[in-house]
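Examining the three-dimensional arrangement
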Amino acid sequence: MIDVIGMIYRGPGRFLVAEDEFFKTIAYRGEMHKIAYSHAMQTFEKTGNKELAEEAYRQILINPSNEVTQQATKSAQIATFQQDLDGFLGKIQGTMSHPVAKIWIPFYKTPTNIMLEVNKRLPTGLLQPSVLADLKAGGARSDKAMGKMMMGTGLVATFTAMASGTMDDDVVITGGLPYDQAVKNSWKSENIPPYSIGIRMENGEMQWISYARFEPLSALLAVSADMAWMSNHSTGNNQSDLENMMIAGGGAIFSYLSDMPFLQSVAEFSELIGGQYESPTTRFQRLKQLLAKQVTTAGLSTTTGPFGALIANYERFMDSESSNVMPTNTEGSAWFIGWSEAVQRWKSRTPYFNKDVPPALNFWGEEVTPGIGDFHWSYWTPFKIQNSKFNYLDTYFREVGIGYKMPPKTMDGIPMTAIQYNDYISLANTITKTYYDINGVKKEMNMREKMQYDLLNNKRFRTLSLGDQEKHMNAIKSDYFSLAKENLLGKDGEIGLHPDLSQRIKDRKVFMDDNGQAPPKGLF
């Protein structure tokens, strides 16, 4: 029985190795034929004898020298991003292979090589020692290095033009989405995914196809899309624009790689370090929560074995809605909250258990659908397909570069559960308020109706600056979410939808009044 289990666990890994060796063999043979052809042409130029040139070609393939074999092997490793790392990156490779490090970074060599190979195809490749060495070597090495850089830079320029819409308005390329969280939410509400190519269909809607995971072309597309977005939304002078675009080009590579599944924990850790407005105590609590989540995720992955991704795909086929993986219980230490979040994430990717996980909601209280909403061949390929969803408000916000942020996941210092958070968003979108239209007619409007009415009918709104327009919309948002909070917690002696949350908030306030400071996280 143990042998059978071992075979099951080793099986997918061996298939992965076989796939890797398959592509290595193609690259190896291709390099061998390239070397043989070059040697044959040199022989022909010296002798002018076709038979001798053909024999030289065959000898390279039949009886290659150690130098030729090493060159072909290196080419195969480069083609599959498996070459050994040099310098500092190579020195820490052993550390990254430690089991503890694997919890955070399951793969180190491959993503690092992807980043280095992409950089070789950009002007920033001149900062890479290996590129400088190739350029100084002269001959074929120099030509190859220069060719990569020129080809990559040319592709970036072409893709940037396409992403800007200068070639065809019916084809759009997205990068890592705007850095501004408010604008990013507008994209998400329209179902515009990152790192995708959008094609306008006959009905006028956009269908998005992910280009991620096709390295190194994917990273070049990502850099191009981010640079195009910056150039379209920049307000500085030409010189500062160019400098910002060059900086964005380098940063886009890290942004793209950090969004990949195998580096998600790195992105979360970077976000933790970058929280400049958080106290050291809060950062330490978040670090404990993140560590608990990563360790639990690593432990739970053994339950699905090597078939985790396949099971997750099946789950998406059975239930196409995204899940809200916030903890089901936030009363406890940061360790417990991190553990609970990891369990929820595991449930969301596992059939049968996913029924216990609430759906993820967007700002308008709509359930989020990551794909096209039904079974499709794309579930079994790297091509992820997603249909956009038109929303007049979000389209306007996205085009002018303003937006709104999702409500915080804590209320008065108390972290909310997934159900409480969903109820908070749903209430804000179902509650109505009384307004008078431009004709003096009384109307009951929910949050979206009020925002859209002001956008389309309020003449003063259109005269406001973009910053004031954003403030106007956020004031409306604040009104409705304040009413939602009252319904959630209760008001004037009435019991709200979640009295347990209300009591925890009251207990926290009593502690602060008695002690003059905020309580430790997890106490209430």
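Preceding this section is the structure that the text describes.
The structure displayed is predicted, hence computed values, not measured ones.

What counts as what
- Residues numbered from 1 in each chain as written.
- Predicted model: local features only at pLDDT ≥ 70, side-chain atom pairs only at ≥ 80, totals over all residues.
- Heavy atoms only, no water.
- Helix = DSSP H or I, 4+ residues; strand = E, 2+ residues; numbered from the N terminus.
- Buried < 20%, exposed > 50% of the residue type's maximum accessible area, 1.4 Å probe, protein only.
- Contact = heavy atoms within 4.5 Å.
- Areas by Shrake-Rupley, 256 points an atom, 1.4 Å probe, with all protein chains shown as cover.
- Pairing = 2+ DSSP bridges.
- Axes fitted to C-alpha atoms, helices over the stretch in contact; angles between N-to-C directions.
- Phe/Tyr/Trp six-rings, centres within 6.5 Å; stacked < 30°, edge-to-face > 60°.
- Lys NZ or Arg CZ within 6 Å of the ring centre and 35° of its normal.

Structural notes on the overall build of the protein
Helices and strands together make up the secondary structure of the protein, namely 22 helices and eight strands. When the 524 residues of the protein are sorted by exposure, 39% land in the buried category. For the protein, restricting intrachain contacts to residue pairs at least 6 apart in sequence, the fraction spanning at least 24 positions comes to 64%. Accessible surface for the protein amounts to roughly 29400 Å². Of this, 59% is attributable to carbon and sulfur atoms.

A closer look at the sheet that holds strand S4 (residues 385–387)
Strand pairing within a sheet occurs via backbone hydrogen bonds; the two strands may be parallel or antiparallel. Taken together, the four strands give an open sheet; going across it, the order is S1-S2-S3-S4, and neighbouring strands pair in antiparallel fashion. Two strands lie at the open edges of the sheet, namely strand S1 (171–173) and S4, each paired on one side alone. Recorded for the sheet is a direction-independent mean angle of 20 degrees between the axes of neighbouring strands. Judged from the three bridges that link them, S1 and strand S2 (residues 196–200) form a sheet pairing that is antiparallel. Across the sheet, the residue bridging to Val172 is Gly198, located in S2.

Some points on the pairing of strand S8 (residues 442–445)
Where strand S7 (residues 433–436) lies against S8, four bridges are found, and the strand directions are antiparallel. Residue Tyr436 lies in a different strand from S8, and its bridge partner there is Lys442. Turn length for the S7-S8 hairpin, with the two strands adjacent in sequence and antiparallel, is five residues, and the turn residue Gly440 shows positive phi of about 80 degrees.

What about the packing of aromatic side chains?
Note on aromatic pairs: each is described by the distance of the centres and the angle between the planes. The full count for this structure, using the stated rule, is nine aromatic pairs. On the numbers, 4.9 Å between centres and 85 degrees between planes, the contact of Phe363 with Trp364 is edge-to-face. Each of the two residues, Phe363 as well as Trp364, counts as buried. Joined through ring pairs, the aromatic side chains of Phe363, Trp364, Tyr396, Phe397, Tyr404, Tyr424 and Phe481 make up one cluster. Just above the ring of Tyr480 sits the side chain of Lys433; from NZ or CZ to the centre is 6.0 Å. Taking NZ or CZ as reference, Lys450 lies 4.2 Å from the ring centre of Tyr435, over its face.

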